Amino acid sequence: MNLWYTENHSKDARFSIKVERQWVSVQSEFQKIDVLESREFGRFLTLDGLMMLTEKDEFIYHDMIVHVAMAVLPRVQKVLVIGGGDGGTVRELVRYPNIEHIDLVEIDAMVVDVCREYLQQTACELDNPKVHLHIADGLRFVRGKEAEYDLIIVDSTDPFGPGEGLFTREFYGNCYKALKDDGSLVNQHESPYYRKYADSMRRAHRRIVDCFPICRVYQAHIPTYPSGHWLFGFASKQYDPLVHFDEAAQQRWNALNLHTRYYNTELHQGCFALPTYVKELLLEQEPDGRKGGCAQ
Ligand code: SAM
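What comes next concerns the included structure. From a predicted model like this one, the values you see are computed outputs, not experimental measurements.

## Examining the pairing of strand E4 (residues 32-38)
Right, on to step 1. The buried count for E4 comes to 5 of 7 residues, which makes it a mostly enclosed element.
Right, on to step 2. What sits between the antiparallel neighbours strand E3 (residues 21-27) and E4 is a turn of 4 residues.
Right, on to step 3. Two elements, E4 and strand E5 (residues 42-47), share 6 bridges in a ladder whose sense is antiparallel. Pairing of Val-35 across the sheet is with Leu-45, part of E5.
Right, on to step 4. Where E4 folds back onto E5 in an antiparallel hairpin, the turn is made up of 3 residues.

See below:
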């Protein structure tokens, strides 16, 4: 038997992984959830046929969505994670002794159940006492919250289907209000490469720049995501992830002695150095005089 998982990365380009077995395939109220097994990437989770994570390369995504911000921000106690029902983001967050409370808001209970059963690698800290799981729409959850969180991480699906609302101006504006005076937001910022993803990235960037005074974008290489080139956004009311990543911040993070397989303090500085075409795409979305995205 020769079974392959194939995802269209553009109308004319596809990405395939040879599949050894299918662990589960269910349709929830929101999306089709599959966990498959492969020799190259181990188990992997797809939602509506789109790659969410693989056992082999999820460490890159989860390191980068958590540790960049955590190395900059000096006092993070309360965190809101929106999406992320696989558990990988909270698994990284619970490693920080200063974090006391994490609200994890996932719209689809079935994603959490499936990951608990088949993807323990990411789901292993979902029952950590610091983690408070809410099965709810992140868009609604954040409405009406005021000055509650030090950090919000948007670990969402792409802006199609249930994730669509998490890329709107209303959502980013409500995140701004939900953050304390020195709060910050990290989001998965899509890919700059294929047209469909680049358009989503540009729209999201414009909306974030409109809401936050400091916005920067950084990158990582994630082999199983479209084009392998993925961006993350860091927006803050006060902190610049380069300016405030001084000697003291670096020492503070290194003193924690967290072993990370992708993130390190040298990579931190390098990941904000973006290719020219990406800088140009972002700058087009930054109104004159605004210090956002890649503007140095
Ligand atoms: N790392 C992944 C990626 O970028 O491909 C994202 C992983 S995570 C599994 C994304 C999660 O966001 C999904 O489980 C999905 O159900 C959840 N999600 C989508 N829309 C949401 C919403 N409006 N509120 C809360 N969670 C949402």
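That was the structure; now back to the text.
## Digging into the environment of Asp-63
Right, on to step 1. As for its placement among the helices and strands, Asp-63 is situated in helix H1 (residues 58-72).
Right, on to step 2. Sequence separation between Asp-63 and Glu-286 is 223 residues, and the spatial gap between their C-alpha atoms is 27 Å.
Right, on to step 3. In contact with Asp-63, not counting residues within four places along its chain, are Val-68, Glu-92, Thr-260, Arg-261, Tyr-262 and Tyr-263.

## Focus: the site of the ligand
Right, on to step 1. Taken together, 24 residues are adjacent to the ligand, and Gln-31, Glu-106, Asp-137, Gly-138 and Tyr-225 come closest.
Right, on to step 2. Here Gln-31 contributes a side-chain N or O atom positioned 2.9 Å from an oxygen atom of the ligand.
Right, on to step 3. In the environment of the ligand, a nitrogen atom lies 3.1 Å from a nitrogen or oxygen atom belonging to the backbone of Pro-162.
Right, on to step 4. Protein chains bury 99% of the 590 Å² of accessible surface belonging to the ligand in isolation.

## Some points on the packing of helix H6 (residues 169-178) against helix H7 (residues 195-211)
Right, on to step 1. Following both chains from N to C, one finds H6 and H7 inclined at 35 degrees, their axes separated by 9 Å at the closest point. In this structure, H6 meets H7 at a crossing whose hand is right-handed. In this structure, H6 contributes Arg-169, Tyr-172, Gly-173 and Tyr-176 to the contact, and H7 contributes Ala-204, Arg-207, Ile-208, Asp-210 and Cys-211.
Right, on to step 2. Looking at the contact of H6 with H7, its residues break down into 5 nonpolar, 1 polar and 3 charged.

Conventions adopted
- Residues numbered from 1 in each chain as written.
- Predicted model: local features only at pLDDT ≥ 70, side-chain atom pairs only at ≥ 80, totals over all residues.
- Heavy atoms only, no water.
- Buried < 20%, exposed > 50% of the residue type's maximum accessible area, 1.4 Å probe, protein only.
- Helix = DSSP H or I, 4+ residues; strand = E, 2+ residues; numbered from the N terminus.
- Pairing = 2+ DSSP bridges.
- Contact = heavy atoms within 4.5 Å.
- Near = heavy atom within 4 Å.
- Polar contact = N/O pair within 3.5 Å; in protein donor to acceptor, adjacent residues only side chain to side chain.
- Areas by Shrake-Rupley, 256 points an atom, 1.4 Å probe, with all protein chains shown as cover.
- Axes fitted to C-alpha atoms, helices over the stretch in contact; angles between N-to-C directions.
- Left-handed = near helix turned anticlockwise from the far one by under 90°.
- Nonpolar A, V, L, I, M, F, W, Y, C, P; charged D, E, K, R; others polar.

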